[in-house]
Amino acid sequence: VQLVESGGGLVQAGGSLRLSCAASGSISSIKAMGWYRQPPGKERELAAATSDNGSTYYADSVKGRFTISRDNAKNTLYLQMNSLKPEDTATYYCAARDRPGSFDYWGQGTQVTVSS
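Residues numbered from 1 in each chain as written. Predicted model: local features only at pLDDT ≥ 70, side-chain atom pairs only at ≥ 80, totals over all residues. Heavy atoms only, no water.

*Asks:* Would you explain the state of the cysteines in this entry?
*Replies:* What makes a disulfide is a covalent bond joining the sulfur atoms belonging to two cysteines. Under the defined criterion, the tally for this structure stands at one disulfide. One disulfide in the model links cysteine 21 with cysteine 94; its S-S distance is 2.1 Å. Since a negative S-S torsion denotes a left-handed disulfide, the cysteine 21-cysteine 94 link at about -75° is left-handed. With cysteine 21 in strand E3 (residues 17-24) and cysteine 94 in strand E9 (residues 90-97), this residue pair connects regions lying 73 residues apart in the sequence. Taking the relative accessible area as the measure of exposure, cysteine 21 reaches 0% and is therefore buried. When its relative accessible area of 0% is taken as the criterion, cysteine 94 is described as buried. (Disulfide = S-S within 2.5 Å. Helix = DSSP H or I, 4+ residues; strand = E, 2+ residues; numbered from the N terminus. Buried < 20%, exposed > 50% of the residue type's maximum accessible area, 1.4 Å probe, protein only.)

This is the structure:
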């Protein structure tokens, strides 16, 4: 499975961005996908995730502002980010897994910078 993110950039606080993650390879094996983020100097954290059964997860810090969605016809995962805050500044990584447990496949990351 190969993952390629796009859509990052610089935005003012209160603005919106939509990240995309194009998946290729053994798509049918994917059980869950998610968006991780790593702020400067901090640990990588799971921001949002979705699984094949339709369930979703959001970190408390993004709940109500971010929406994760998946277009299976386009093999693409999205993260709609609204009401962005400076603390959302991070490198955002798309991830996927084809078995229970940790995510096995990762994209290269896309930078999101929110100015105050």
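*Asks:* Hey, could you run me through the sheet that holds strand E1 (residues 2-6) in this one?
*Replies:* Through backbone hydrogen bonds, the strands of a sheet pair up, either in parallel or in antiparallel fashion. Read from one edge to the other, the open sheet built from four strands follows the order E1-E3-E8-E7, with strand pairing classed as antiparallel. Pairing within the sheet leaves two strands with one partner each, and these edge strands are E1 and strand E7 (66-71). Pairwise comparison of adjacent strand axes, ignoring direction, gives a mean angle of 15° for this sheet. Across six bridges, E3 lies against strand E8 (residues 76-81) in antiparallel orientation. (Pairing = 2+ DSSP bridges. Axes fitted to C-alpha atoms, helices over the stretch in contact; angles between N-to-C directions.)

Limitation: the analysis is restricted to geometry and does not speak to function.
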